Structure formats: C-alpha cells, structure tokens
Amino acid sequence: MPQIRKKTSKRGTTHQRQKLKHKVSQGRKKAKKEARKAQATGKTQKKSKKDPGIPNNFPYKDQILAEVAEARRQAAEEKQRRKNEKRAALTGLDVKDVEDSQNDTMDVDVDENQNDGQGFDGIMSIRPAPLVPPKKKSVELSNLEPIIPVTEGPHSLRDVLQKADVLLHVVDARDPVAGLSEALFKEATGKDIILLVNKIDSVPRESLVSWLAYLRLTYTTLPFRVAQAFLPSKSNPPPASKKIPVKSDDALGSDAVWQELSKLKAKKSGEELVVALTGVTNSGKSAVINSLARANLLPIYNVNSAISTKGPYTTTSASELVLEFSDKNGTRVRLIDTPGLEYVRVEGVEEQEKEMTRARDILLRSRGRIDRLKDPLFAVAHIVSRADTQDLMLGYSLPAFSKGDPTSFLAGMARASGLIKKRGVLDHAGAARIVLRDWSIGKFARYTMPPGSSTTPASTNNEEILTMLKSRKELRKAEDVILVQLQPGEAEKREVLLDDVWVGDNEVSENEVNDEDTGDEEATGDESGDEDEADQSSDPDSGEEEDVDDEEEDEEDVPELLPPPKRKRTVSFAVVPAGGKRQRRSGKNGRS
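Keep in mind it's a predicted model, so treat the numbers as computed, not measured. Residue positions are counted from 1 within each chain, in the order its sequence is given. A pLDDT threshold of at least 70 governs which residues receive local features in this predicted model, and a stricter bar of 80 or more applies before side-chain atom pairs are shown or counted, although totals over entire chains, interfaces and linings include all residues. Side-chain descriptors were evaluated using all non-hydrogen atoms of the structure, hydrogens and water having been removed beforehand.

Draft legend 1. Focus on the overall build of the protein. Broken down by element type, the protein carries 20 helices and 9 strands. Remark: exposure states derive from per-residue accessible area (1.4 Å probe, protein chains only) relative to the maximum for the residue type, with buried under 20%, exposed over 50%, and partly exposed in between. Here the protein, with 592 residues, has 35% of them falling under the buried criterion. Contacts in the protein between residues at least 24 apart in sequence constitute 73% of all its contacts with a sequence separation of at least 6. With residues, only the protein chains shown are counted as cover, and all accessible areas are computed by Shrake-Rupley using a 1.4 Å probe. A total accessible area of about 39300 Å² is found for the protein, and carbon and sulfur atoms account for 50% of it. Runs of H or I in DSSP of at least four residues are treated as helices and runs of E of at least two as strands, each being numbered from the N terminus. Pairs of residues are marked as contacts when any of their non-hydrogen atoms sit within 4.5 Å.

Printed below as a string of structure tokens:
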C-alpha cells in the first residue's frame with residue numbers, strides 16, 4: 001500500500017481566502033448599517049475613554065491619590081448632610097438629632113456577637129432605629145380648607161340640560177370650531193351659553209386673539225388655562241425626589257369665569273346657579289372644575305398614569321359639586337361635570353367619508369395610545385391633508401414633498417428615522433406611529449386660524465392673559481415642540497345622544513369582574529386572531545369614544561414604559577408550484 005505524504009503546507013485555497021474576505025466585508029457593512037440606523041434614531045452612545053490612571057514612576061502619585069480620596073470623602077459627607085437636612089425637614093426634628101439617631105443605628109458591637117459560636121452576623125448586629133415622632137402641624141381649624149363633597153349627577157345628557165341654567169361649553173383652543181355641536185346648542189335653546197376656550201397655553205397668541213374675535217360674534221367667549229397642578233404631565237416625568245410642588249390656584253381666566261357667572265346669578269332668583277360643563281372627550285372639563293374649586297376633586301386624564309388596561313381614561317358619568325362665590329353672600333353655584341359628547345352614527349355614507357370622520361374623531365379626542373392603532377395610516381393621511389406642508393418639512397427636517405401627499409411624507413419620515421426594512425422597503429406604518437405619538441403627548445403642537453383671520457379683536461379685556469402667552473415666533477424656537485398650522489375644522493352637525501344612560505365607575509367594575517369570570521376559558525386562544533376579528537367587526541363610522549378601543553383591543557392601554565405584548569408566531573408554508581403537490585414525510589427514515 002503506497003504511503004500517503006503528509007501535508008506540509010498550511011496555505012489555503014483561493015476559494016477559502018475569498019470566502020473569508022467576503023465574510024469580513026459583509027460584517028463590516030452590517031456594522032456600518034447598524035451605526036447609521038442608530039445615529040438616525042439618536043441611540044448612539046459615545047465610548048468613554050478609559051482613564052489610564054497615574055503612572056507608578058510619577059513622583060507625586062501618593063499625594064494625588066490622597067487628594068482624590070479626601071475629595072470623595074467630602075462629597076460623601078456633603079451628600080449625607082443634604083439627606084439629613086431633608087429628613088429633618090420632613091420629620092420636624094433638628095439635624096443633630098437625626099445624625100445622632102443614624103450614629104446609634106450604624107454602631108455595631110462586634111463583641112456581643114463573637115461569643116455565640118456563629119461568628120459575626122450583620123443582621124443580628126443592627127439595632128432598631130429610634131422611633132421618629134410625627135411632625136406637629138400648627139394649623140388652626142379656621143384655616144383648614146373645607147372638604148367639598150362630590151355627589152352623583154344626572155344619568156343622561158337630557159336630564160343635565162333640563163336641570164342646568166347655564167351651559168358652559170369647553171372647547172380646545174387648538175381647533176375651537178371642531179368642538180362645537182349645533183345639535184347640542186339647538187337642544188339648549190333658552191339657556192345662557194358660554195364658550196370656554198381651554199388650553200390657551202398650547203397655541204400662539206395670534207391664533208387665540210383671532211379665535212376670540214371670531215367666536216365672540218356669536219357666543220360669550222372666555223379664554224382659560226387650568227392650574228399647573230391639573231395640567232397634563234410630561235411623557236418623561238421627573239423622579240419623585242426632584243418633583244417641584246405645583247400650585248392649584250394659578251389658573252388663567254378663572255376670575256373672568258366667576259364674574260360672568262355672578263352676572264348670570266344676579267338675573268336668576270334662587271339660592272344657587274346650576275352650570276353644566278359639556279364638551280368632547282379630553283377637552284378639559286374636569287380640570288376646569290378642579291381649577292375653579294382650587295382642589296383636586298375630580299380625576300383628570302393622564303396618559304402616564306394609565307398603567308392598567310382596566311378603568312376609564314376619561315369621565316364616564318356625571319358628577320356634581322357646590323361652590324360658593326367669593327363675595328361671601330351665601331350665593332352658590334352647582335357645577336355638573338359630564339362625559340364627552342357622543343354622536344349618532346350616520347347611515348348611508350360613502351366609505352371615504354366614513355374613514356375621514358373616524359380619523360377626525362380619533363384625533364380630536366386623542367383618547368389613549370392612538371399610536372398603537374393597527375392601521376395608523378388613515379389618521380396620518382388626515383393630518384397631512386390639513387397640515388401646512390412647509391411646517392411639516394421644517395418640524396421633522398424632511399425634504400420637499402407634494403402638498404397633501406401622505407405617502408411622500410411618510411417615506412421621508414421613514415428615511416429620517418431610519419425605519420427601513422429588508423431590501424430597502426420603507427416602514428410607513430412605523431413612521432405614522434411616530435407622528436401619532438407626537439400628536440398624543442403634545443410634541444406635535446398644532447394651531448388653526450379662523451376663516452377671515454384678518455378680523456380685528458372686538459375687545460381687549462384679556463390683555464393680562466394674552467401677555468403671558470407665547471407668540472408664534474417664540475413657539476417655533478422651542479426645542480420640545482413642533483409647531484404646525486392646520487386648516488380649521490367644522491362644527492359637528494351630527495345628532496347628539498341625549499337619552500343614553502351613563503354608566504358609573506362602580507357598574508363598570510362589576511361588569512369587568514363578570515367578564516373576567518366568563519373569559520378565563522377563552523384566555524388561551526389566539527390573541528392575534530381575536531384582534532383581527534374585532535377589527536373586522538368594528539364600524540368605521542363610530543364617532544364615539546370607543547373608536548380607538550375597537551382598533552387597539554388590549555394593546556391600547558399598555559403604558560409606554562412597558563414593552564408591547566408578544567404575539568404568537570404563525571408558521572407560513574412555502575408556496576406550492578402550480579400543478580405540484582406537497583409531500584409529507586412520515587416515519588423515522590422519512591419514507592412516505
């Protein structure tokens with residue numbers, strides 16, 4: 001048998017070298033692509049250079065290390081001193097008492113635990129901290145704020161209108177006309193109607209002046225901004241240790257509201273004036289009542305506090321409370337907080353008009369996480385059709401695109417945000433969700449101008465409020481908002497649901513408990529399939545508050561800090577060629 005010569009060379013073939021070279025180039029290309037994507041989304045993190053330290057042959061190394069240790073010790077003492085001062089302020093004790101209590105707590109008597117045969121035990125050596133007496137508040141009983149009871153109100157909108165003397169209709173300053181309802185005002189014929197333009201701090205001063213002049217031609221109109229304690233919180237709230245106390249008595253326009261109500265009360269005989277607050281969902285009715293009462297009496301809408309998927313985002317039933325006028329003559333006003341207006345569904349309308357109405361209702365209410373809609377494209381298409389093209393280009397740093405073209409806008413948004421799928425396909429849905437998220441958290445700051453905006457203001461009795469607002473130029477310079485001008489909406493012409501009975505929170509919770517008991521057996525089903533069925537069965541013309549719920553199902557109320565729920569994987573088989581048959585293998589050897 002011939003002897004095979006042992007291979008002496010380690011040189012590889014040309015094919016192996018080219019293969020390795022190709023893998024290296026592909027890896028570098030992928031790394032560059034990931035870096036560009038991370039840079040576009042703002043997730044890049046600069047690598048901090050490692051401190052080389054002090055060389056051993058440096059003559060003053062020990063002195064420098066001693067100075068560094070002393071600086072660290074002083075910083076730790078300063079931090080502990082601040083903690084002691086804060087704890088003393090909370091407990092009402094002196095700083096020395098707090099330090100002494102900490103020293104007693106941290107002292108460890110090792111000798112007591114060394115003779116037990118078990119060695120040193122840190123838990124056994126810690127002594128209980130001394131009890132801290134509660135801080136005594138020297139507050140007189142006469143200075144305590146009176147408790148204002150909140151009672152249940154009427155069960156339908158018709159009952160509210162029959163009981164009310166004044167209709168205080170709250171609209172959003174960003175698009176006031178869209179919050180008006182012709183059917184509601186027609187039903188309230190014979191009653192005094194006051195338009196309260198809320199959220200005036202979110203629009204430019206020029207827009208508010210024009211809208212006040214336009215609306216005062218028909219109704220008594222007052223500007224308003226709720227107190228800071230009842231403003232919607234930011235998307236990234238500061239930690240509890242850095243929270244600054246906010247005021248509940250700094251509402252803008254509250255004095256003008258009380259003056260107008262006192263005038264109407266002088267015309268009416270009786271002990272109290274009944275005022276009903278109406279408006280669409282999330283127009284700020286509950287926050288207005290809290291600002292007038294200068295107390296947190298009614299729950300207000302907050303995206304960040306929506307941790308549970310259960311429970312209403314907004315008001316679900318009417319509530320009443322009684323306040324007194326500041327003149328102290330015993331005259332009172334009864335405020336009735338109502339849920340958002342709901343409209344009757346219109347039948348026999350074209351599909352395109354239904355979709356436009358549905359998009360307008362979702363964007364106007366902005367209820368819940370609208371950025372988690374299954375199909376966010378139609379809502380963004382409605383925004384692009386109404387928005388100024390130049391403002392969108394400047395706000396999102398996009399290239400020029402055709403006016404009212406949502407496809408070109410979303411393509412630019414996807415490229416700017418790095419939302420590119422495999423084979424260069426742009427993720428339009430992801431770009432649309434970014435726009436809707438900015439819309440819901442207030443980063444997408446929008447404003448409208450009334451038709452014939454050249455109208456001069458009829459009166460200047462709100463100069464003090466207007467001087468506190470920012471102009472259009474100042475808002476454009478803000479870094480945390482994108483100012484976009486929209487075309488004004490139209491007053492709602494659909495009929496209002498007057499006789500529908502509002503369901504209270506207690507009844508809602510009981511129904512949810514029953515639904516949980518009956519839905520345990522169905523909990524193991526396919527979640528994605530259930531959502532698809534719900535999406536197909538929803539009516540696209542629903543102008544009620546439940547229109548987003550039909551689309552989002554369980555994903556809507558999940559907070560932003562939590563990851564989205566995982567979907568079950570579905571196995572997709574390869575396409576079978578025409579005339580071919582799919583073969584199945586059976587048995588261990590794969591024989592058919």
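Draft legend 2. Focus on the pattern of salt bridges. Any carboxyl oxygen of Asp or Glu that lies within 4 Å of a side-chain nitrogen of Lys or Arg is treated as forming a salt bridge with it. For the coordinates displayed, the defined rule picks out 25 salt bridges. Between Asp-175 and Arg-386 there is a salt bridge, with the nearest N and O atoms lying 3.0 Å from each other. Taken together, the residues Asp-175 in the loop between strand E2 (166-172) and helix H7 (182-187) and Arg-386 in helix H12 (residues 377-386) connect sequence positions 211 residues apart. Taken individually, Asp-175 and Arg-386 each receive the classification buried, so the pair is uniform in this respect. For Arg-360, the salt bridge identified is with Glu-492, shortest N-O distance 3.9 Å. Of the two residues, Arg-360 is situated in helix H11 (residues 351-365) and Glu-492 in the loop between strand E9 (482-486) and helix H18 (505-518); the sequence distance between them amounts to 132 residues. Take Glu-492: its relative accessible area is 8%, and that puts it in the buried class. The structure contains a network of salt bridges with shared partners spanning Lys-163, Glu-271, Glu-272, Glu-320, Arg-332 and Arg-334.

Draft legend 3. Focus on the packing of H12 against helix H14 (residues 406-417). Running from N to C, H12 and H14 point in directions that differ by 105°, and their axes come no closer than 9 Å. Of the possible angle classes, the one that applies to H12 and H14 is roughly perpendicular. Residues Leu-377, Val-380, Ala-381 and Val-384 of H12 pack against Pro-406, Phe-409 and Leu-410 of H14. Every angle, taken between N-to-C directions, lies between 0 and 180 degrees, and every axis is a line fitted to C-alpha atoms, over only the stretch in contact when it is a helix. Under this scheme an angle from 65 to 115 degrees is roughly perpendicular, one under 35 degrees roughly parallel, and one over 145 degrees roughly antiparallel; angles in between are oblique.

Draft legend 4. Molecular detail of empty space enclosed by the protein. Grid points spaced at 1 Å over the protein atoms alone were grouped into cavities, where a 1.4 Å probe fits but cannot get out, and pockets, open sets with protein on both sides within 12 Å along at least five of seven lines, with lining residues defined by an atom within 4 Å of a point. Grid points are joined across faces, edges and corners, and a volume is the space filled by probe spheres set on the points. Scanning the model with the defined rule gives 2 cavities of 30 Å³ or more in all. Of the volumes computed, that of the largest cavity is approximately 80 Å³. Leu-157, Pro-339, Gly-340, Leu-341, Glu-342, Val-496, Leu-497, Leu-498, Asp-499, Asp-500 and Trp-502 together form the lining of the largest cavity. Under this grouping Gly is polar, as are all residues other than the nonpolar Ala, Val, Leu, Ile, Met, Phe, Trp, Tyr, Cys and Pro and the charged Asp, Glu, Lys and Arg. Of the residues belonging to the lining of the largest cavity, the class tally is 7 nonpolar, 1 polar and 3 charged.

Draft legend 5. Structural context of the packing of aromatic side chains. Paired rings are identified among Phe, Tyr and Trp, the last through its six-membered ring, by centres lying within 6.5 Å, and are further divided according to the angle between planes into stacked (under 30 degrees), edge-to-face (over 60) and tilted (the rest). Tallied over the full model, the rule gives 8 aromatic pairs. Each ring, one from Tyr-396 and one from Phe-409, has its centre 6.3 Å from the other, and the planes form 75°; the classification is edge-to-face. With Tyr-396 in helix H13 (residues 389-396) and Phe-409 in helix H14, this residue pair connects regions lying 13 residues apart in the sequence. Chaining the aromatic ring pairs together yields one cluster made of Tyr-396, Phe-401, Phe-409, Trp-439 and Phe-444.

Draft legend 6. Looking closely at the environment of Arg-73. By the secondary structure assignment, Arg-73 is in helix H2 (residues 61-91). For Arg-73, a relative accessible area of 38% puts it in the partly exposed group. Here a polar contact is recorded for every N or O atom pair within 3.5 Å, except that within protein the pair must consist of a potential hydrogen donor and a potential acceptor, and residues adjacent in sequence are included only if both atoms are side-chain atoms. Only 2.3 Å separates the side chain of Arg-73 from the side chain of Glu-70, close enough to count as a polar contact.

Draft legend 7. Molecular detail of the packing of H12 against helix H15 (residues 428-441). Where H12 meets H15, the closest approach of the two axes is 9 Å, and the angle between their N-to-C directions is 65°. Here H12 runs over H15; the crossing is left-handed. Seen from H12, the contacting residues are Leu-377, Ala-379, Val-380 and Ile-383; seen from H15, they are His-428, Ala-429, Ala-432, Val-435, Leu-436 and Trp-439. When its residues are assigned to classes, the contact of H12 with H15 shows 9 nonpolar, 1 polar and no charged. By definition, any crossing whose near helix is turned counterclockwise from its far helix by less than a right angle is left-handed, and any crossing with a clockwise turn is right-handed.

Draft legend 8. Structural view of the environment of Arg-369. For Arg-369, the position within the fold is in the loop between H11 and H12. Judged by relative accessible area, Arg-369 falls into the buried class, the value being 8%. The spacing of Arg-369 and Ser-440 is 71 residues in sequence and 7.3 Å in space, taken between C-alpha atoms. A distance of 2.8 Å separates a polar atom in the side chain of Arg-369 from a polar atom in the side chain of Asp-371.

Draft legend 9. Highlighting H11. Multiplying one less than the number of residues by 1.5 Å gives the expected span of a helix. In a regular helix each residue adds 1.5 Å, so 15 residues correspond to 21 Å; H11 covers 21 Å between its end C-alpha atoms and thus fits that length. Those residues of H11 that fall on the buried side of the exposure criterion are Lys-354, Thr-357, Arg-358, Ala-359, Asp-361, Ile-362, Leu-363 and Arg-365. At the C-terminal side of H11, Ser-366 shows a positive phi close to 50°.

Draft legend 10. Geometry of a negative patch on the surface. The residues that make up patches have over 30% relative accessible area and no salt bridge, and they are joined within 9 Å when like-charged or within 5 Å when they are Val, Leu, Ile, Met, Phe, Trp or Tyr. When charges are counted, Lys and Arg are positive and Asp and Glu negative, with His and the chain ends excluded. We put the charge of a Lys on NZ, of an Arg on CZ, of an Asp on CG and of a Glu on CD. A contiguous patch of negative charge, built from Asp-94, Asp-97, Glu-99 and Asp-100, is present on the exposed surface. What makes Asp-100 partly exposed here is its relative accessible area of 41%.

Draft legend 11. Layout of the confidence of the model for the protein. The predictor rates its confidence in each residue with pLDDT, a number between 0 and 100. Taken residue by residue, the protein gives an average pLDDT of 76. The fraction at 70 or more is 69%. Summarising per-element confidence for the protein, the mean pLDDT is lowest in helix H5 (residues 122-125) (36) and highest in H12 (94). Here residues 306-312 is a poorly scored stretch, pLDDT under 50, and it has 12 contacts once near neighbours within four places are set aside; other chains count. In the predicted structure, residues 515-592 sits below a pLDDT of 50 and forms 98 contacts with residues beyond four places in sequence or in another chain.

Draft legend 12. How the structure looks around the sheet that holds strand E5 (residues 272-278). Think of it this way: DSSP has to see at least two bridges between two strands before they count as a pair. If you walk across this open sheet you meet the 7 strands as E1-E6-E7-E5-E2-E3-E4, and the pairing is mixed. On the outer flanks of this sheet lie strand E1 (151-152) and strand E4 (220-223), each paired with one strand and no other. Across 4 bridges, the pairing between strand E3 (residues 192-198) and E4 is parallel. Opposite Leu-196, over in E4, you have Leu-222 as the bridge partner. On the sheet, helix H8 (residues 205-215) packs against E3 and E4 and is oriented at approximately 170° with respect to E3.

Draft legend 13. Main features of the pairing of strand E7 (residues 332-337). The buried fraction of E7 is high, at 5 of 6 residues. One ladder, built from 6 bridges, connects E5 with E7; its direction is parallel. By the bridge assignment for E7, Leu-277 is matched with Asp-337.

Draft legend 14. Just the nonpolar core, in detail. Membership of the largest hydrophobic core comes to 41 residues, with the highest contact counts inside it found for Leu-157, Leu-167, Leu-184, Val-197, Leu-208 and Val-496. Secondary-structure elements contributing two or more residues to this core are helix H6 (157-163), E2, H7, E3, H8, E5, strand E8 (444-448) and helix H16 (463-466). Apart from the residues within four sequence positions on either side, Leu-184 is in contact with Leu-157, Leu-161, Leu-167, His-169, Thr-278, Leu-341 and Val-496. Residues belong to a common nonpolar core when they are buried Ala, Val, Leu, Ile, Met, Phe, Trp, Tyr or Cys residues joined through side-chain atoms within 4.5 Å.

Draft legend 15. Up close: a positive patch on the surface. Residues Arg-28, Lys-29, Lys-32, Lys-33, Arg-36 and Lys-37 make up a contiguous surface patch of positive charge. Looking at the element boundaries, Lys-37 is found in helix H1 (residues 14-41).

Draft legend 16. Unusual backbone geometry, seen in detail. Not every positive phi belongs to a glycine, and Asn-282 is a case in point at roughly 65°. Positive phi outside glycine occurs at Ser-397, with the angle close to 55°. Following the sequence through the fold, Ser-397 ends up in the loop between H13 and H14. Residue Ser-397 is classed as exposed on the basis of its relative accessible area of 62%.

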